[in-house]
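# Observations on the three-dimensional arrangement
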Amino acid sequence: METRFLQTFLSVVQTGSLSEAARRLNITPSAVIQRIKALEDEIGRPLIQRSGHTMQPTPAGAAILAEVERMLAVADDIKAAAAADLETGLLRIGVINSALTGLLPDLLVQLRQNRPGIELYILPGMSGDLYSCITDGELDAAIMVQPHFALPKALDWLLLRQEELLVITPLSVTETDTCAILKRQPFIRYDRNHWGGRIVDLHLRKLKIRPREQYELDSLEAITVLVSRGLGVSLVPDWLPPWPEGANVRRIRASGAPTRDVGILWSRSSKRLPLIRAFMAEAVNAIRLKHSPGIRSA
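The residue numbering used here restarts from 1 in each chain and proceeds along that chain's sequence as written. pLDDT decides what is reported in this predicted model: residues at 70 or higher carry local features, side-chain atom pairs at 80 or more are listed and counted, and totals for whole chains, interfaces and linings draw on all residues regardless. Heavy atoms from the whole structure form the basis of all side-chain values; hydrogens and water molecules are not counted.

Remark: nonpolar core denotes a set of buried residues (Ala, Val, Leu, Ile, Met, Phe, Trp, Tyr, Cys) joined through side-chain atoms within 4.5 Å. Here's how the labels work: a residue is buried when its accessible area is under 20% of the maximum for its type, exposed when over 50%, partly exposed in between, all with a 1.4 Å probe on protein chains only. With 63 residues, the main nonpolar core has Leu103, Ile143, Met144, Ile168, Leu235, Ile264 and Phe279 as its most contacted residues. With nine residues, the top contributor of residues to this core is helix α11 (residues 273-289). In this structure, Val13, Val32, Ala60 and Val68 belong to the second largest nonpolar core, which totals 17 residues. Helix and strand definitions follow DSSP, with helices as H or I runs of at least four residues and strands as E runs of at least two, each counted in order from the N terminus.

We now examine empty space enclosed by the protein. Whether a set of points on the 1 Å grid over the protein atoms alone is a cavity depends on a 1.4 Å probe fitting there but being unable to get out, while an open set qualifies as a pocket with protein on both sides within 12 Å along at least five of seven lines; lining residues are those with an atom within 4 Å of a point. Grid points are joined across faces, edges and corners, and a volume is the space filled by probe spheres set on the points. By the definition in use, this model includes one cavity of 30 Å³ or more. Within this model, the largest cavity holds a volume of roughly 70 Å³. The wall of the largest cavity is formed by 13 residues, among which Ala99, Leu103, Glu163, Leu240 and Val262 lie closest to the centre. Sorting elements by how many residues they give to the lining of the largest cavity places strand β6 (residues 155-163) first, with three residues. Ten residues, namely Ala, Val, Leu, Ile, Met, Phe, Trp, Tyr, Cys and Pro, are considered nonpolar, four, namely Asp, Glu, Lys and Arg, are considered charged, and the remaining ones, Gly among them, are considered polar. Class assignment of the residues belonging to the lining of the largest cavity gives a composition of nine nonpolar, one polar and three charged.

This part covers the environment of Ala63. Tracing the chain through its elements places Ala63 in helix α4 (residues 59-82). Its relative accessible area of 60% is what places Ala63 among the exposed residues. In this structure the C-alpha to C-alpha distance between Ala63 and Lys290, which are 227 residues apart in sequence, comes to 47 Å.

All right, on to the packing of helix α1 (residues 3-15) against helix α3 (residues 29-43) then. Axis lines are fitted through C-alpha atoms, for helices just across the contact stretch, and the angle between N-to-C directions can take any value from 0 to 180 degrees. Running from amino to carboxyl end, α1 crosses α3 at an angle of 110 degrees, the nearest separation of the two axes being 9 Å. The angle between α1 and α3 places the two elements in the roughly perpendicular class. Of the two elements, α1 crosses α3, and the hand of that crossing is left-handed. Where α1 abuts α3, its residues Arg4, Phe5, Leu6, Thr8, Phe9 and Val12 lie against Val32, Arg35, Ile36, Ala38 and Leu39. Tallied by class, residues from the contact of α1 with α3 come to eight nonpolar, one polar and two charged. Geometric relationships in this document are graded by angle, where less than 35 degrees denotes roughly parallel, more than 145 denotes roughly antiparallel, 65 to 115 denotes roughly perpendicular, and other angles denote oblique. Here a crossing is called left-handed whenever its near helix is offset anticlockwise from the far helix by less than a right angle, and right-handed whenever the offset is clockwise. A contact between two residues is defined here by any heavy atoms of the two lying within 4.5 Å.

This next bit is on the sheet that holds β6. Judged by pairing direction, the sheet is mixed, and its five strands sit side by side in the order β4-β3-β5-β12-β6 without closing on themselves. Unpaired on one side and paired on the other, β4 (118-124) and β6 mark the two borders of the sheet. Going from strand to strand, the sheet's axes swing by 20 degrees on average, the running direction of each strand aside. We treat two strands as partners when DSSP finds at least two bridges between them. With seven bridges joining them, strand β3 (residues 89-95) and β4 adopt parallel strand pairing. Bridge pairing links Gly89 to Ile118 in β4. Sheet strands in contact with helix α7 (residues 127-135) are β3, β4, β5 (141-145), β6 and β12 (260-267), and its direction is about 150 degrees off that of β5.

Let's shift gears to the packing of helix α2 (residues 18-25) against α3. Running from N to C, α2 and α3 cross one another at 100 degrees; their axes reach a closest spacing of 8 Å. By the criterion of interaxial angle, the relationship of α2 to α3 is roughly perpendicular. Together, Leu18, Ser19, Ala21 and Ala22 of α2 and Pro29, Val32 and Ile33 of α3 make up the contact between the two elements. A per-class count over the contact of α2 with α3 returns six nonpolar, one polar and no charged.

Attention shifts here to the layout of surface pockets. To locate leftover empty space, one rolls a probe as large as a water molecule over the atoms. One number sums up the size of the largest pocket: a volume of about 1300 Å³. If you trace the largest pocket, you find 33 residues lining it, with Gln7, Asp76, Leu90, Arg92 and Tyr121 closest to the centre. No other element matches the seven residues that α4 contributes to the lining of the largest pocket. Split into classes, the residues belonging to the lining of the largest pocket amount to 15 nonpolar, seven polar and eleven charged. In this model, the second largest pocket occupies a volume close to 280 Å³. Surrounding the second largest pocket, 16 residues form its lining, Ile134, Gly137, Ser267, Ser269 and Ser270 being those nearest its centre. Looking at the lining of the second largest pocket, the elements with two or more residues in it are α4 and α7. Its residues placed into classes, the lining of the second largest pocket shows six nonpolar, five polar and five charged.

Written out as structure tokens, the structure reads:
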């Protein structure tokens with residue numbers, strides 16, 4: 001049973017689309033259909049059916065789905081073990097949204113130049129969700145906010161960057177006292193479902209500040225744009241640039257605030273440890289080369 005046929009079946013199930021599966025696998029839709037047909041002929045049962053506008057597994061397809069995922073994971077582990085000393089293979093990497101533009105492009109350039117044999121499957125997400133993917137074995141590593149709890153012994157952590165909290169305001173706000181700003185101005189909150197947003201919330205609680213909340217958003221870029229339009233102020237981590245183009249805001253260091261620590265989480269027992277270590281080395285190098293803009297204090 002060919003693993004590429006199994007991977008094609010899994011891609012169709014995950015995307016619900018023959019054309020999207022073809023795009024991800026870099027083959028034609030007709031090739032996807034041929035592979036699915038060959039797999040169905042081998043198993044002896046239909047595996048995919050159309051339901052409305054999407055493709056769904058048949059009862060037989062749903063019954064084998066977990067085994068297909070297990071077989072593909074084993075196949076990936078075998079390839080990784082065989083090619084470990086060659087730094088060749090696939091890594092499944094999670095990335096928080098603020099690192100998608102601030103770190104990932106530089107890291108991908110570093111990998112292409114220095115370790116072209118490493119391929120990446122990239123899953124964007126929130127730190128909490130990426131942590132679950134690591135513990136469930138769905139990802140090999142994740143660039144994320146450091147967990148606010150003690151790590152189990154099975155996991156390990158590498159710090160890449162400590163991001164100070166900044167009070168950001170429209171240019172029209174001339175106040176310099178950060179506590180006064182947070183108390184008096186309309187407040188745009190960083191979503192508390194994010195681990196970074198939790199750090200912001202804990203700092204506000206420590207200061208006993210109950211801001212005049214206007215909105216709660218999960219996008220640092222969107223928060224910055226709203227602040228620049230005069231809709232409020234915010235307390236956000238000093239994430240790696242680029243910040244939104246044309247969003248002119250005052251950025252004031254929040255003295256005494258905790259940092260948002262961003263790094264890489266991975267499993268100590270991963271069969272891809274040599275590849276993960278190579279990935280981490282390039283991430284550290286990318287951080288060193290990345291220009292971090294100074295903070296303009298009011």
